[in-house]
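Structural features, examined
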Amino acid sequence: MSCKYYNKICARCKKSDDYLVFDKQDLNDVSLENYKSFINFDIEVCPYCGYISTDVEQGYTNESESVINSEKYNDILTYSYLDGIIDELNDNFLNSYPANLFECYAMLNEHTKDYESAIKGYFRAIILKETIIKRYNQQKNEDYEDLSKSEIKAYDKINNILLDSIKQNTLKILDIYKLCKNNIYLDLINIECLTRLGLDDDANNCFNAIKSNLPNDIINYIENL
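Residue positions are given per chain, counted from 1 along the sequence in the order it is written. Given that this is a predicted model, residues contribute local features only at a pLDDT of at least 70 and side-chain atom pairs are listed and counted only at 80 or more, while totals for whole chains, interfaces and linings are drawn from all residues. Hydrogens and water molecules were not included; the side-chain quantities draw on all heavy atoms of the structure.

**Re the side chain of Ser117**
Spelled out, the test is: Numbering goes from the N terminus for both helices and strands, where a helix is a DSSP run of H or I of at least four residues and a strand is a run of E of at least two. Exposed residues in this analysis have more than 50% of their type's maximum accessible area, buried residues have under 20%, and partly exposed residues fall in between, with area computed by a 1.4 Å probe over protein chains only. Two residues qualify as a contact provided that any one of their heavy atoms is within 4.5 Å of a heavy atom in the partner residue.
As for its position among the elements, Ser117 is in helix H6 (residues 115–143). Using a relative accessible area of 14% as the deciding quantity, one classes Ser117 as buried. Non-local contacts of Ser117, meaning those with residues more than four positions away in its chain, are made with Tyr105 and Asn109.

Structure representation (C-alpha cells):
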C-alpha cells in the first residue's frame, strides 16, 4: 500500500499541516483481507486543535463542537476514567495503541448520525483496548517478582476498567447497528460483538443469514472466533 504526505487545512481551526495519507483500497470485493482493512482504518488528528477525522478537512460541524466540549468526550480523550492509574503504570501502551482517539472519533460520528463510521470507530477502540490489556498483562507477568502490592493492584484495576469499557463499546455497537443500512462488513462486526458478549445463538443466527454471501476465508475466520 502506497502513501504520500499532503498539506491539509483543518476543518475546525483552519490551520494547515502535513498528513500522511494512504491510498484507499477497493473494498467492494468481499474478502478477509478487505474486512481487516475496513476495521483497521487510519485517522488524522490536527496537531493544533485536536480535531479527529479520517480527513481533517471534512466532517466538522457546529454539532461536532458541542461533542468536543462535552465532559464525556474529554474523559475519554484524556483517559480520566482510568482514575489516576496511569500515574502508577507506564503509559506507553496507551500512547502506542490510541483507543481513546478512535472512541472520540466514534462519538463525533454517532452524534452526526454517521453510524457506519461510529461503529468502525468503536470497534477499532475495542481492538486497541484488547491489545492494551494484553500488553499490560505481559508486562505484569514479566516484572511480577519486582512489583509492589500497589503496582499489582494497579495492573488488575486497569484490566478491569478497560474490560468494562470494552463491554460498553460493544453494547453501543449493537445498539447503533440497528440504525445502519445493509453492509456485509458491519454485519461481521455485529457478529464479532455478539460473540464477545457470549451471545452465541444470536451470533450464529446473524452468521447463517449472510453465510451464503461470504467467501471461505471469512467463513473460517468467523467459525474460529
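**Observations concerning helix H1 (residues 32–39)**
Condition: Here, the arc refers to the directions that run from the helix axis to the C-beta atoms.
Those residues of H1 that fall on the buried side of the exposure criterion are Leu32, Asn34, Tyr35, Phe38 and Ile39. With its buried residues spanning 160 degrees around the axis, H1 presents them on a single face. Where H1 is buried, its residues meet H6, helix H8 (184–196) and helix H10 (216–223).

**Topic: unusual backbone geometry**
Where the residue is not glycine, phi is negative for most of them; where a peptide bond is considered, it is trans in most cases. Even without being glycine, Tyr79 reaches a positive phi, approximately 60 degrees. Positive phi is not limited to glycine here, since Lys113 has a value of about 65 degrees. Relative to the helices and strands, Lys113 resides in the loop between helix H5 (99–111) and H6.

**Regarding the pairing of strand S2 (residues 16–22)**
In regular strands, side chains alternate between the two faces of the sheet. Selection criterion: Should DSSP find at least two bridges between two strands, the strands are regarded as paired.
Sheet analysis places strand S1 (residues 3–9) next to S2, joined by seven bridges and oriented antiparallel. The residue of S2 that forms the bridge with Tyr6 is Tyr19. Here S1 folds back onto S2, and the loop between the two strands holds six residues, one of which, Lys14, carries a positive phi near 70 degrees.

**Overview of the state of the cysteines**
The condition is simple: Our working definition of a disulfide is a cysteine sulfur pair at a distance within 2.5 Å.
Tallied over the entire structure, the rule returns zero disulfides. No disulfide involves Cys46; its sulfur sits 3.6 Å from the nearest other cysteine sulfur, which is in Cys13. Free of any disulfide, Cys180 has its nearest cysteine sulfur in Cys193, 12 Å distant.

**What to know about the packing of H5 against H6**
Cut-off, in case you're wondering: For every element, the axis is a line fit to its C-alpha atoms; helices are fit only across the contacting stretch, and the angle between N-to-C directions ranges from 0 to 180 degrees. We call two directions roughly parallel when the angle between them is under 35 degrees, roughly antiparallel when it is over 145, roughly perpendicular when it lies between 65 and 115, and oblique otherwise. Take the far helix as your reference; a near helix turned counterclockwise from it by less than a right angle gives a left-handed crossing, and one turned clockwise gives a right-handed crossing. Classes in brief: Ala, Val, Leu, Ile, Met, Phe, Trp, Tyr, Cys and Pro nonpolar; Asp, Glu, Lys and Arg charged; the others, Gly included, polar.
Running from N to C, H5 and H6 cross one another at 160 degrees; their axes reach a closest spacing of 7 Å. As the angle between them shows, H5 and H6 are arranged roughly antiparallel. As H5 runs across H6, the sense of the crossing is left-handed. In contact with Ala99, Phe102, Glu103, Tyr105, Ala106, Met107, Asn109 and Glu110 of H5, H6 contributes Tyr115, Ser117, Ala118, Gly121, Tyr122, Arg124, Ala125, Leu128, Lys129 and Ile132. A breakdown of the residues in the contact of H5 with H6 according to their chemical character gives 11 nonpolar, three polar and four charged.

**A closer look at the environment of Gln168**
Note on placement: Gln168 falls in helix H7 (residues 149–177). By relative accessible area, Gln168 is classed as partly exposed at 43%.

**A closer look at the packing of aromatic side chains**
Rules: Working definition: a ring pair exists when centres of Phe, Tyr or Trp rings (six-membered ring for Trp) sit within 6.5 Å. Plane angles under 30 degrees give stacked, over 60 give edge-to-face, the rest tilted.
Under the definition given, this model contains nine aromatic pairs. With a centroid separation of 5.9 Å and 25 degrees between ring planes, the pair formed by Tyr35 and Tyr185 is classed as stacked. With a gap of 150 residues between them, Tyr35 in helix H1 and Tyr185 in helix H8 connect regions that are remote in the sequence. Note on Tyr35 and Tyr221: the rings are 6.1 Å apart at their centroids and 65 degrees apart in plane angle, and the pair reads as edge-to-face. In this pair, Tyr35 is assigned in helix H1 and Tyr221 in helix H10, connecting sequence segments 186 residues apart. Taking the relative accessible area as the measure of exposure, Tyr221 reaches 24% and is therefore partly exposed. Three or more aromatic residues link up through ring pairs in this structure, and these residues are Tyr35, Phe38, Tyr185 and Tyr221.

**As for helix H9 (residues 200–210)**
For H9, every residue scored as buried is listed here: Ala203, Phe207 and Ile210. Axial view of H9: buried residues confined to an arc of 70 degrees, hence all on one face. Exposed residues pointing more than 90 degrees away from the buried face of H9 are listed as Asp201, Asn205, Asn208 and Ala209.

**Focus: the environment of Tyr35**
Here Tyr35 falls in the buried class, since its relative accessible area comes to 0%. In this structure the C-alpha to C-alpha distance between Tyr35 and Ile189, which are 154 residues apart in sequence, comes to 9.3 Å.

**Things to note about the nonpolar core**
Put simply, the rule reads: To define a nonpolar core, start from buried Ala, Val, Leu, Ile, Met, Phe, Trp, Tyr and Cys residues and group those joined through side-chain atoms within 4.5 Å.
Ranked by size, the top nonpolar core spans 70 residues in total, and within it Phe123 and Ile189 carry the most contacts. A per-element tally of this core places H6 first, with 12 residues. Discounting residues that sit within four places of it in the chain, Phe123 has contacts with Tyr35, Ile39, Ile173, Ile189, Glu192, Cys193 and Arg196.

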